[in-house]
Amino acid sequence: MARIGIIGAGISGLTLAFLLQNKGHSVTVFERSVQPGGALRTTRTADGWSAEWGPNTIIESSGRIKSLISMLDLEDRRVYPDDLAKKRYIVRNGRMIAVPGSLAELIRTPLLSRSAKMRILREPFRGRGNSTDETLADFVRRRLGEEFLKWPIDALVGGIYAGNPELLSLRHAFPRLALLEEQHGSLIWGQLRGGIRQPAGSDEIPRNKAAIFSFDDGLQVLPEAITRKLGDAVVTNVWPTEISTPEISTTDIRNPANTSDGRSARWQLSFRENHKKGADLTTRSFDVLIYSGTAYGLNDIKLPDSLSKEIRAVTEIPHPPVTSLTLGFRRDDVAHPLDGFGVLVPGVEGFSVLGTLFTSSLFPDRAPDSGHVTLTTYLGGTRQPEIAGKDEDEQEQLVTGALDRLLGLRGKPRFRHRVHWPKAIPQFQTGHQQFLDRINRAESEHPGFYMSGNYRTGISVGDTINAAFDLADRIHHKHQD
Ligand SMILES: Cc1cc2nc3c(=O)[nH]c(=O)nc-3n(C[C@H](O)[C@H](O)[C@H](O)COP(=O)(O)OP(=O)(O)OC[C@H]3O[C@@H](n4cnc5c(N)ncnc54)[C@H](O)[C@@H]3O)c2cc1C
């Protein structure tokens with residue numbers, strides 16, 4: 001079995017570590033912050049308020065996610081939102097409008113004009129595109145029209161990627177839409193015929209049937225549970241400085257049999273005991289080294305030239321800033337019934353927020369009691385990066401201004417929790433394939449070196465868990481002797 005070093009204890013690195021340890025490998029995870037979990041972190045106050053730092057929910061998009069929860073004995077702690085919270089709103093003409101859930105609702109909705117609805121009904125008769133790397137915006141314009149792009153799609157992209165549909169690549173950022181067109185020639189026909197055809201043996205659950213969930217004490221429960229299982233194998237507050245392959249030349253790396261001990265290529269990781277410059281430097285050797293840190297975090301690690309030549313470029317993947325601001329109010333101070341998941345705001349509406357989750361409608365324990373509510377608002381993104389950088393009081397004013405227009409506020413917030421993410425979410429823009437090609441090449445030319453993380457396999461927590469299962473199988477298969 002292999003000695004495996006993993007850099008980064010986000011959900012990608014932790015899940016990989018847990019799965020590989022379960023397969024019998026000796027694993028050590030090196031995390032530079034003081035707390036494992038990356039974007040999954042929850043704050044709870046003594047007086048009963050609670051807020052997530054990053055994601056609020058996970059989509060149960062595969063059987064692998066269910067089995068991770070069961071391997072961690074977390075089934076009893078998983079919580080699903082009330083069915084009422086399924087309703088989603090989008091802003092049009094300054095008003096919140098429920099997203100239609102059926103053809104009858106689509107025909108009646110004021111979210112789209114009559115001509116936009118007619119355009120949607122003609123979608124099955126549009127031909128396929130011929131671009132190999134089309135932007136999401138061009139794809140939607142081509143199949144569904146400009147209005148559908150400007151309102152529902154722009155709102156959705158702000159909510160998922162904090163991104164811009166004019167820049168995102170259809171096949172990388174929304175691969176399922178690309179597949180629907182490829183397999184069925186139409187999004188509408190594709191949905192009516194049961195969606196994307198999955199390869200045999202796939203455990204994927206179609207997005208429209210997959211549940212979303214959290215845990216009784218928030219999403220942090222998940223990294224905490226994995227960290228507990230891993231025990232001493234997770235070291236925090238250590239700063240990796242260099243990855244090296246000291247005993248072997250580049251030629252040897254490509255032919256692992258040539259290494260001094262006849263095993264796979266040997267990797268070394270040097271790290272400082274904490275973030276201070278003068279801190280002690282330690283070096284550990286591994287048969288397998290996995291980089292599971294953020295794409296931009298690679299900038300802080302010296303790499304062998306041959307590896308650097310390929311993967312240094314991933315640090316250029318854009319990550320716009322986002323601020324997550326959770327405010328708590330007295331229930332009576334919010335006029336709207338908050339009967340849903342939340343509201344998304346298209347850029348064309350001119351608000352200074354991307355959208356707001358009705359967090360205590362999803363999970364009532366986010367507020368101290370039924371007389372209070374929490375609302376989590378996201379600001380910034382590719383659309384308005386300057387707003388993410390404003391100070392906390394200014395942001396609160398912007399958010400309460402927007403919430404007042406949308407939900408009718410009568411009182412001041414009783415609770416405030418803000419997290420600023422200077423580099424929040426990787427943007428899979430057109431040209432993203434070059435980063436994936438580089439990573440694939442780096443792995444095939446450097447046996448024993450692997451990369452995992454949201455910038456490679458998809459930004460949702462579910463995507464990163466699914467990818468960790470696949471990579472753990474691949475690594476185990478290659479390095480079990
Ligand atoms: C505000 C926000 C809201 C989101 N909402 C949702 C949502 O509702 N649903 C959803 O599914 N997803 C959501 N996401 C996305 C999702 O949370 C992330 O894509 C996912 O958690 C990424 O996991 P990861 O392990 O790949 O990376 P990360 O969580 O970024 O973890 C990487 C870890 O590596 C460490 N690290 C980085 N560089 C180094 C280094 N050089 N050395 C050592 N350690 C290093 C970091 O400190 C970090 O702990 C959201 C993200 C954000 C920021």
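Criteria and cut-off values
- Residues numbered from 1 in each chain as written.
- Predicted model: local features only at pLDDT ≥ 70, side-chain atom pairs only at ≥ 80, totals over all residues.
- Heavy atoms only, no water.
- Helix = DSSP H or I, 4+ residues; strand = E, 2+ residues; numbered from the N terminus.
- Rg over C-alpha atoms; globule rule 2.2 N^0.38 Å.
- Buried < 20%, exposed > 50% of the residue type's maximum accessible area, 1.4 Å probe, protein only.
- Contact = heavy atoms within 4.5 Å.
- Areas by Shrake-Rupley, 256 points an atom, 1.4 Å probe, with all protein chains shown as cover.
- Lys, Arg positive; Asp, Glu negative; His and termini not counted.
- Charge placed at Lys NZ, Arg CZ, Asp CG, Glu CD.
- Core = buried A, V, L, I, M, F, W, Y, C linked by side-chain atoms within 4.5 Å.
- Domains from an automatic or database assignment.
- Pairing = 2+ DSSP bridges.
- Phe/Tyr/Trp six-rings, centres within 6.5 Å; stacked < 30°, edge-to-face > 60°.
- Lys NZ or Arg CZ within 6 Å of the ring centre and 35° of its normal.
- Near = heavy atom within 4 Å.
- Polar contact = N/O pair within 3.5 Å; in protein donor to acceptor, adjacent residues only side chain to side chain.
- Nonpolar A, V, L, I, M, F, W, Y, C, P; charged D, E, K, R; others polar.
- Buried area = accessible area lost by both parts, 1.4 Å probe.
- Salt bridge = Lys/Arg side-chain N within 4 Å of Asp/Glu carboxyl O.
- Axes fitted to C-alpha atoms, helices over the stretch in contact; angles between N-to-C directions.
- Left-handed = near helix turned anticlockwise from the far one by under 90°.

## Here we look at the overall build of the protein chain
So, point 1. Summing up its helical and strand segments, the protein chain has 18 helices and 20 strands in all.
So, point 2. Taken against the 2.2 N^0.38 rule, which gives 23 Å for 481 residues, the C-alpha radius of gyration of the protein chain at 23 Å falls within 12% of a compact globule.
So, point 3. Considering only C-alpha atoms, the protein chain reaches an extent of 70 × 55 × 40 Å along its principal axes.
So, point 4. Going through the 481 residues of the protein chain one by one, you find that 54% of them count as buried.
So, point 5. The contacts of the protein chain with a sequence gap of at least 6 include a subset with a gap of at least 24, amounting to 71%.
So, point 6. Accessible area for the protein chain stands at about 20900 Å²; split by element, carbon and sulfur atoms hold 50% of it.
So, point 7. Where the 60 positive side-chain charges of the protein chain centre and where its 57 negative ones centre are 5 Å apart.

## Some details on the nonpolar core
Across soluble globular proteins, nonpolar side chains have a tendency to be buried as a group.
So, point 1. Within the largest apolar cluster, 40 residues are counted, with the highest numbers of intra-cluster contacts made by Ile4, Leu222 and Ile290.
So, point 2. If you count residues domain by domain, this core takes at least three from each of domain 1 (3-39 + 221-315 + 428-478) and domain 2 (42-83 + 319-421).
So, point 3. By size, the runner-up hydrophobic cluster in this structure holds 25 residues, among which are Val238, Leu303, Leu307 and Tyr455.

## A look at the sheet that holds strand S6 (residues 78-79)
Strand pairs in the sheet, formed through backbone hydrogen bonds, run parallel or antiparallel to each other.
So, point 1. With respect to topology, three strands assemble into an open sheet ordered S5-S9-S6, the strand pairing being antiparallel. Edge positions in the sheet fall to strand S5 (58-59) and S6, since each has one partner strand and no second.
So, point 2. Pairing of S6 with strand S9 (residues 212-215), which is carried by two bridges, proceeds in the antiparallel orientation. Pairing of valine 79 across the sheet is with serine 214, part of S9.

## Comments concerning the packing of aromatic side chains
So, point 1. All chains considered together, the criterion is met by nine aromatic pairs.
So, point 2. Here phenylalanine 213 and phenylalanine 215 contribute two aromatic rings whose centre-to-centre distance is 5.6 Å and whose plane-to-plane angle is 85°, an arrangement assigned as edge-to-face.
So, point 3. Note on phenylalanine 215: relative accessible area 1%, which makes it buried.
So, point 4. An aromatic cluster is built from Phe30, Phe271 and Phe286, whose rings are joined through pairwise contacts.
So, point 5. Against the face of tryptophan 151 rests arginine 92, its NZ or CZ located 3.7 Å from the ring centre.

## Section: the site of the ligand
So, point 1. If you check the shell around the ligand, you find 31 residues, and the closest are Ser12, Glu31, Asn454, Ile459 and Val461.
So, point 2. Measuring from a nitrogen atom of the ligand, one finds a backbone N or O atom of glycine 297 at 3.1 Å.
So, point 3. Looking at the shell around the ligand residue by residue, the classes come out as 15 nonpolar, 14 polar and two charged.
So, point 4. Split by domain, the shell around the ligand shows at least three residues from each of two domains, domain 1 (3-39 + 221-315 + 428-478) and domain 2 (42-83 + 319-421).

## Things to note about the domain arrangement of the protein chain
So, point 1. Each assigned domain of the protein chain is listed with its residue range as follows: domain 1 (3-39 + 221-315 + 428-478), domain 2 (42-83 + 319-421) and domain 3 (114-125 + 134-205).
So, point 2. Relative placement of domain 1 and domain 3: their C-alpha centres are 34 Å apart.
So, point 3. Contact residues are listed per partner, giving eight residues for domain 1 and eleven residues for domain 3.
So, point 4. Taken together, the two surfaces of domain 1 and domain 3 that pack against each other cover about 760 Å², and 61% of this comes from carbon and sulfur.
So, point 5. If you sort the residues of domain 1 by the area they bury against domain 3, Phe428, Thr430 and Ile459 come out on top, with a joint share of 59%.
So, point 6. Counting across the domain 1 and domain 3 interface gives zero salt bridges.

## Describing the packing of helix H1 (residues 11-22) against helix H10 (residues 221-230)
So, point 1. Between H1 and H10, the shortest axis-to-axis distance is 10 Å and the interhelical angle comes to 35°. Along this stretch, H1 crosses H10, giving a crossing that reads as left-handed. Contact residues: Ile11, Leu14, Thr15, Ala17, Phe18 and Gln21 in H1; Leu222, Pro223, Ile226, Thr227, Lys229 and Leu230 in H10.
So, point 2. The residue inventory of the contact of H1 with H10, partitioned by class, reads eight nonpolar, three polar and one charged.

## Brief notes about the pattern of salt bridges
So, point 1. With the rule as written, the count across this model stands at 37 salt bridges.
So, point 2. Here aspartate 217 makes a salt bridge to arginine 44, at a shortest N to O gap of 2.9 Å. Within this pair, whereas aspartate 217 is found in the loop between S9 and H10, its partner arginine 44 is found in strand S3 (residues 42-44), the two being separated by 173 residues in sequence.
So, point 3. The class for arginine 44 is partly exposed, based on a relative accessible area of 36%.

## Details of the pairing of strand S12 (residues 267-272)
Two faces, one strand: in a regular strand the side chains alternate between the faces of the sheet.
So, point 1. Of all six residues in S12, six are buried, a share of seventy percent or more.
So, point 2. Neither face of S12 is open: one carries Trp267, Leu269 and Phe271, the other Gln268, Ser270 and Arg272, and all of them are buried.

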